[in-house]
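Listed below are the residues making up each chain.
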Amino acid sequence: MMPEKQHHIVIVGGGTAGWMSAALLAKATKGRLGRITLVESAEIGTVGVGEATIPPIQFFNQLLGLDEADFVARTQGSFKLGIEFRNWTRQGHSYIHPFGNYGGNIDAVSFHHYWLRLRALGDGTDIGDYCPAIAAARAGKFAPEIPQGPTGAPVLSFAYHFDASLYAAYLRDFAVKLGVRRVEGRIVGVRQRAEDGYVTTLDLADGTMIEGDLFLDCSGFRSLLLGQTLGVGFRDWSRWLPCDRALAVPCVGTDEITPYTRSTAHAAGWQWRIPLQHRIGNGHVYSSAFMDDAEAEAILMGNLDGKVLADPRPLRFTAGRREKAWVRNVVGIGLAGGFMEPLESTSIHLVQTALFRLLALMPTDVRDPATRDEFNRLSEIEYEQIRDFLILHYHATERDDSDFWNYCRTMAIPDSLRHKMDLFRARGRVARFDGQLFSEASWVAVFLGQGVHPVAYDPMADVLPEAEMRQRLARNLDHVNRSIAAMPGHRAFLNRHCRAAAA
Ligand code: FAD
């Protein structure tokens, strides 16, 4: 009989997923649901990338009770107000997907409908001018919030950039202090119970055996337990997300630290630029079907801001997810459960939400199929809505200058995304449900940024008298302009509040 109560949770892997899991479970269960052990192998190492996040990570940090300034300083971190997309819609074009929004609803009608109405009346103000995150990003400034504005004023939100290896080390110190046992060693064998295939024991290369009740597979792309041991299939989404390789390279930083991630589209993929306090992280994500490694490397090395600090590191992946995230007594978290490419920095977020789901459904009996099914059902919905958001970036483009972009522009897309695009084109409405990760403002940013324009706005926006609408939007604009004028530069903010030690 499996025990009524979990008494030993074993985490396989000490990358970002493993240490986030250890830290949160240790903090949330306070040792009352049993022991937690994490096994990691320095010999194998971690994926070593994953340095840009999205705003919900603030909630994760709050649950851990982290001191933000300490966390940012110790991870050489910086603040992120959104992502700038260069050359995605067409060469020379740029837009920002901001965190926060452009303005609150007015009479239950979303802000962007009033902006569309104003535009139809001949006003040429860029929607980004209403958004504090975009205005601050363009000005290279940062503050965690703006002063409270008039009713319906926009809100600013932010996330972090950090050094991936320092982040894992930071969480490791945190988790170990809370009693998580860390075991260094390479797992060479996995034992399963004969009658039902449940994982019982890990065999390490030095002969150590680790028994457990619930196993979190955080072993990265290897997917040691979920994929290799339990044979859980992989749902391949590369027909929609064709990038399958990356080259990552750090370079020397610049004086100013841009408070946003940059994504620059190239001929067969795109390049990330993640500014930290001690360096800039760069990487070229590309499709091997459309570009060879040498060309990808030449493009990356030709588009850096400063001196290169290490050799480019190659990474290979396939966009998609395991058919099921939780099978028997194994839950796949992080890359072991799936990966959809880093375009919108969603992978670390998926670790976080998997952990929240696990806590919400913490099994008293790992055999309960209803608990597992619910976990798997929610994981599937979450992956698919993020997948659609990512595909939108590739598909909604005017680019016709390479085979890659011709493929992406003309490919058949999932029906769920087709519906979202049709709905937005018709009346600027965004099809989403409560609890969905990307907000209405995010979808609006990418739709408009990538050239998907509505034919008309919501007729409900016509209910507000024109003079009042103009006055309210002008007040919002004024509030944003004043707030940004008073904000410090990003580097100045970091130096004042969370300056990292010299690297
Ligand atoms: P890993 O870091 O690979 O860790 C796996 C762990 O398992 C390691 O400790 C390893 O030693 C251990 N292990 C494996 N096999 C064994 C064994 N046999 N015995 C013992 N230990 C073992 N995410 C974002 O949110 N934002 C980004 O900007 C972002 N950029 C990315 C860019 C690229 C190119 C890629 C590929 C990913 C990116 N990600 C990003 C994803 C992010 O890197 C991962 O989600 C995150 O690092 C978690 O990885 P992980 O812990 O699952 O795997």
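Residues numbered from 1 in each chain as written. Predicted model: local features only at pLDDT ≥ 70, side-chain atom pairs only at ≥ 80, totals over all residues. Heavy atoms only, no water.

**Q** Whenever I open this one, the overall build of the protein chain confuses me. Can you help?
**A** Scanning the protein chain from terminus to terminus reveals 15 helices and 21 strands. At 23 Å, the protein chain has a C-alpha radius of gyration in line with the 23 Å of a compact globule built from 503 residues. Across its three principal axes, the protein chain shows a C-alpha extent of roughly 75 × 50 × 45 Å. Expressed as a percentage of its 503 residues, the buried residues of the protein chain come to 58%. Here the analysis covers contacts within the protein chain between residues at least 6 apart in sequence; of these, 78% occur between residues at least 24 apart. Averaging the locations of the 54 positively and 57 negatively charged side chains of the protein chain gives two centres separated by 3 Å. (Helix = DSSP H or I, 4+ residues; strand = E, 2+ residues; numbered from the N terminus. Rg over C-alpha atoms; globule rule 2.2 N^0.38 Å. Buried < 20%, exposed > 50% of the residue type's maximum accessible area, 1.4 Å probe, protein only. Contact = heavy atoms within 4.5 Å. Lys, Arg positive; Asp, Glu negative; His and termini not counted. Charge placed at Lys NZ, Arg CZ, Asp CG, Glu CD.)

**Q** What's the story with the packing of helix α2 (residues 57–64) against helix α9 (residues 347–360) in this structure? I'm lost.
**A** When two helices pack together, their arrangement is given by the angle between the helix axes and the distance between those axes. With their axes 10 Å apart at the nearest point, α2 and α9 run at an angle of 50° to one another. When the axis of α2 is compared with that of α9, the two are oblique. As α2 packs across α9, the resulting crossing turns out to be left-handed. Side by side, α2 and α9 meet where Ile57, Phe59, Phe60 and Leu63 of the first sit next to Gln352, Leu355 and Phe356 of the second. Its residues placed into classes, the contact of α2 with α9 shows six nonpolar, one polar and no charged. (Axes fitted to C-alpha atoms, helices over the stretch in contact; angles between N-to-C directions. Parallel < 35°, antiparallel > 145°, perpendicular 65-115°, else oblique. Left-handed = near helix turned anticlockwise from the far one by under 90°. Nonpolar A, V, L, I, M, F, W, Y, C, P; charged D, E, K, R; others polar.)

**Q** Sorry, what's going on with the site of the ligand here?
**A** Neighbouring the ligand are 33 residues; Gly14, Ala52, Ile187, Ser347 and Ile348 lie closest to it. Within the backbone of Ala17, an N or O atom sits 3.0 Å from an oxygen atom of the ligand. A distance of 2.8 Å separates a nitrogen atom of the ligand from a polar backbone atom of Ile187. Calculation on the ligand without its partners gives an accessible area of 1,000 Å², and the protein chains cover 97% of this total. When residues of the shell around the ligand are traced back to their parent elements, those giving at least two are α1 (16–29) and α9. In terms of residue class, the shell around the ligand is made up of 16 nonpolar, 14 polar and three charged. (Near = heavy atom within 4 Å. Polar contact = N/O pair within 3.5 Å; in protein donor to acceptor, adjacent residues only side chain to side chain. Areas by Shrake-Rupley, 256 points an atom, 1.4 Å probe, with all protein chains shown as cover.)

**Q** How should I be thinking about helix α15 (residues 490–497) in this particular structure?
**A** Because an α-helix completes one turn every 3.6 residues, residues spaced three or four positions apart along the sequence face the same direction. Of the residues making up α15, those classed as buried are His490, Phe493 and Leu494. Seen end-on, α15 carries its buried residues on one side only, within an arc spanning 95°. For α15, the secondary structure elements touched by its buried residues are α3 (68–74) and β3 (78–80). (Arc of directions from axis to C-beta.)

**Q** Looking at this structure, I do not really get the pattern of salt bridges. What am I missing?
**A** Where charged atoms of side chains with opposite charge meet at close range, the side chains can pair. Inspection of the entire model under this criterion finds 30 salt bridges. Glu84 is the partner of Arg262 in a salt bridge, and the nearest nitrogen-oxygen pair spans 2.8 Å. Of this pair, Arg262 sits in strand β14 (residues 261–266) while Glu84 is found in strand β4 (residues 82–86), placing the two residues 178 residues apart along the sequence. You'll find Arg262 and Glu84 in the same group, each marked buried. A salt bridge links Asp129 to Arg138; the shortest N-O distance between them is 3.0 Å. (Salt bridge = Lys/Arg side-chain N within 4 Å of Asp/Glu carboxyl O.)

**Q** Would you explain the pairing of β14 in this entry?
**A** The side chains of a regular strand alternate, first on one face of the sheet and then on the other. When you tally the buried positions in β14, you get six out of six residues, the bulk of the element. Of the two faces of β14, the one lined by Thr261, Ser263 and Ala265 and the one lined by Arg262, Thr264 and His266 are each fully buried. Summarising the sheet, β4 and β14 pair through four bridges and their orientation is parallel. If you follow Phe85 over to β14, its bridge partner there is Ser263. (Pairing = 2+ DSSP bridges.)

**Q** Would you take a moment to explain the packing of aromatic side chains for this structure?
**A** The way to describe two aromatic rings as a pair is by their centre distance and the angle between their planes. On inspection of all chains with the given rule, the structure shows 32 aromatic pairs. A centroid spacing of 4.2 Å and a plane angle of 10° characterise the contact between Phe79 and Phe142, whose relative ring orientation is stacked. Here Phe142 lies in the loop between α5 (132–139) and β6 (159–161) and Phe79 lies in strand β3, a separation of 63 residues in the sequence. Taken as a pair, Phe79 and Phe142 share a single burial class, namely buried. Each ring, one from Phe142 and one from Phe158, has its centre 5.4 Å from the other, and the planes form 85°; the classification is edge-to-face. Here Phe158 lies in the loop between α5 and β6 and Phe142 lies in the loop between α5 and β6, a separation of 16 residues in the sequence. Residue classification places Phe142 among the buried residues on the basis of a relative accessible area of 0%. Through a chain of ring-to-ring contacts, the aromatic side chains of Phe71, Phe79, Phe142, Phe158, Tyr160, Phe162, Tyr167, Tyr170 and Phe493 assemble into a single cluster. The ring of Phe375 is capped by Arg357, whose NZ or CZ atom sits 5.3 Å from the centre of that ring. (Phe/Tyr/Trp six-rings, centres within 6.5 Å; stacked < 30°, edge-to-face > 60°. Lys NZ or Arg CZ within 6 Å of the ring centre and 35° of its normal.)

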